[in-house]
Amino acid sequence: MGFLDVILGRSKPVRPDLDQLFALPSAAITLQAATGFTPTGRGSVCFASVEGGAFARIQADVRQLLGPPVDYTQDQYGYTWLLAQHAPEDTAGLVNDLHAVNTSLQEAGFGPQLLCSLIGFRDERDRSLALVYLYKRGTFYPFAPLPGDGEKRDNALELQMRSLLADDLTVEKDLSRWFPVWGAPGL
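Attention here is on the structure that accompanies the text.

**Examining the packing of helix H2 (residues 24-35) against helix H4 (residues 91-110)**
Part 1: The N-to-C vectors of H2 and H4 enclose an angle of 140°; their axes lie 9 Å apart at closest approach. Compared by their axis directions, H2 and H4 come out oblique. At the point where H2 passes H4, the crossing takes the right-handed sense. In this structure, H2 uses Leu24, Pro25 and Ala28 to contact H4, whose residues at the interface are Thr91, Ala92 and Val95.
Part 2: By residue class, the composition of the contact of H2 with H4 is 5 nonpolar, 1 polar and no charged.

**A closer look at the side chain of Asp123**
Part 1: Here Asp123 is to be found in the loop between strand S4 (114-122) and strand S5 (128-134).
Part 2: The buried category is assigned to Asp123, whose relative accessible area is 8%.
Part 3: A polar atom in the side chain of Asp123 sits 3.0 Å from the backbone nitrogen of Arg125.
Part 4: Only 2.7 Å separates the side chain of Asp123 from the side chain of Arg127, close enough to count as a polar contact.
Part 5: Excluding residues that lie within four positions of it along the chain, Asp123 makes contacts with Gly36 and Phe37.

Definitions and cut-offs
Residues numbered from 1 in each chain as written. Predicted model: local features only at pLDDT ≥ 70, side-chain atom pairs only at ≥ 80, totals over all residues. Heavy atoms only, no water. Axes fitted to C-alpha atoms, helices over the stretch in contact; angles between N-to-C directions. Helix = DSSP H or I, 4+ residues; strand = E, 2+ residues; numbered from the N terminus. Parallel < 35°, antiparallel > 145°, perpendicular 65-115°, else oblique. Left-handed = near helix turned anticlockwise from the far one by under 90°. Contact = heavy atoms within 4.5 Å. Nonpolar A, V, L, I, M, F, W, Y, C, P; charged D, E, K, R; others polar. Buried < 20%, exposed > 50% of the residue type's maximum accessible area, 1.4 Å probe, protein only. Polar contact = N/O pair within 3.5 Å; in protein donor to acceptor, adjacent residues only side chain to side chain.

Take a look at the structure:
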């Protein structure tokens, strides 16, 4: 970082550390023990779509690497979501798959298109919770939509999860970066 960057308040972007995803199984145990939220066995990776043969090959390679059931969907904003599924008790296997997808995209030069990864949880009251990894920030945050048709969040639950998971995950400190991921596959 240069002298002008310090004066102007600019900072270097955090380099993504995909190995942080491997902290998710431990966080899942913490969640289950402390709150009753259990993994759903579903997780997803979100990335900006790119046209071209190289990107199509990577998608095909990822589908071949992970095998079924792997689904690609596109959201209303044009982002592509890859959904991976495992048995709910196989959080480590799910995380390995999400890590492999992120790594494959990054190594193929598509790192700038990666946005986030998440794994889903539910509790006995059928509330949803996702632990979201922000690729460009190298941090996690909880996302807890309220049940029902509206797009409303359970902010109190999200803040409770932030405190609970602080020892397991690198939690994003800037709450304005806790973006809602409405309708995300895996949630």
